[in-house]
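In case you want the letters, here they are:
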Amino acid sequence: AEDADAWVTDKPNFPPQKQVGVYIDGYRGRLESTIREEFPASAWLLGKGRFDKLVQSYVETTTSAYPDLTDYSLNFASFARTALTEKWAQEMFEFE
């Protein structure tokens, strides 16, 4: 978003960096939503706050390499098993 000034038209009360930020936040939100839809049982068992932090960490560290948004969550279970310390939580991601 730092280069936004070079390729986004400035608008009154809505500078280029904020304009690009809207799209960045929206894209992250769609990535997070895709994962939540794919892992509802895990979200319930971990609890909303803990699951949300796990999802946010995944989104922050994992670049999407797929043209289809639904494929973004393919490596989430592996990520979660590595990130979680409890055996029951790690095993949960093997089944969903």
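Heads up: the structure comes first, above all this text.
Residues numbered from 1 in each chain as written. Predicted model: local features only at pLDDT ≥ 70, side-chain atom pairs only at ≥ 80, totals over all residues. Heavy atoms only, no water.

1. A word on the overall build of the chain
A tally of helices and strands in the chain yields six helices and zero strands. Secondary structure elements in the chain, listed N-terminal to C-terminal, are α-α-α-α-α-α. Looking at the chain as a whole, 30% of its 96 residues are labelled buried. A separation of at least 24 residues holds for 46% of the contacts in the chain among residues at least 6 apart in sequence. Taken as a whole, the chain presents about 6,500 Å² of accessible surface, with 54% of it coming from carbon and sulfur. (Helix = DSSP H or I, 4+ residues; strand = E, 2+ residues; numbered from the N terminus. Buried < 20%, exposed > 50% of the residue type's maximum accessible area, 1.4 Å probe, protein only. Contact = heavy atoms within 4.5 Å. Areas by Shrake-Rupley, 256 points an atom, 1.4 Å probe, with all protein chains shown as cover.)

2. Examining helix H6 (residues 87-95)
The complete set of buried residues in H6 reads Ala89, Met92 and Phe93. Seen from one end, H6 has its buried residues packed into an arc of 95 degrees, which puts them on one side. The outward face of H6, more than 90 degrees from its buried face, is lined by the exposed residues Lys87, Glu94 and Phe95. The inward-facing, buried residues of H6 abut helix H3 (40-46), helix H4 (48-61) and helix H5 (76-83). (Arc of directions from axis to C-beta.)

3. Digging into a nonpolar patch on the surface
Residues Trp44, Leu45 and Trp88 make up a contiguous nonpolar surface patch of roughly 410 Å² in combined accessible area. Mapped onto the elements of the fold, Leu45 is located in helix H3. The exposure class assigned to Leu45 is partly exposed, which follows from its relative accessible area of 44%. (Patch = residues over 30% accessible without salt bridge, like charges linked within 9 Å, V, L, I, M, F, W, Y side chains within 5 Å. Salt bridge = Lys/Arg side-chain N within 4 Å of Asp/Glu carboxyl O.)

4. Looking at the environment of Ala89
If you trace the backbone, Ala89 turns up in helix H6. Looking at Ala89, the relative accessible area reads 0%, which means it is buried. In the structure, Ala89 is positioned 47 residues away from Ser42 in sequence and 8.2 Å away in space, judged by C-alpha atoms. Among residues more than four places away in sequence, those in contact with Ala89 are Leu46 and Leu84.

5. Concerning the environment of Ala41
Along the polypeptide, Ala41 turns up in helix H3. On the accessibility criterion, Ala41 (39% relative accessible area) is partly exposed. Measuring from C-alpha to C-alpha, the distance between Ala41 and Glu96 comes to 7.4 Å, with 55 residues separating the pair along the chain.

6. Points about H4
When the terminal C-alpha atoms of H4 are compared, their 20 Å separation across 14 residues agrees well with the 20 Å that a helix rising 1.5 Å per residue should span. Looking at H4, one finds that the buried residues are Phe51, Asp52, Leu54, Val55, Tyr58 and Val59. Projection of H4 onto a plane perpendicular to its axis shows the buried side chains occupying an angular sector of 160 degrees, all on one side. Those residues of H4 that are exposed and angled more than 90 degrees off the buried face are Lys53, Glu60 and Thr61. (Expected span 1.5 Å × (residues − 1).)

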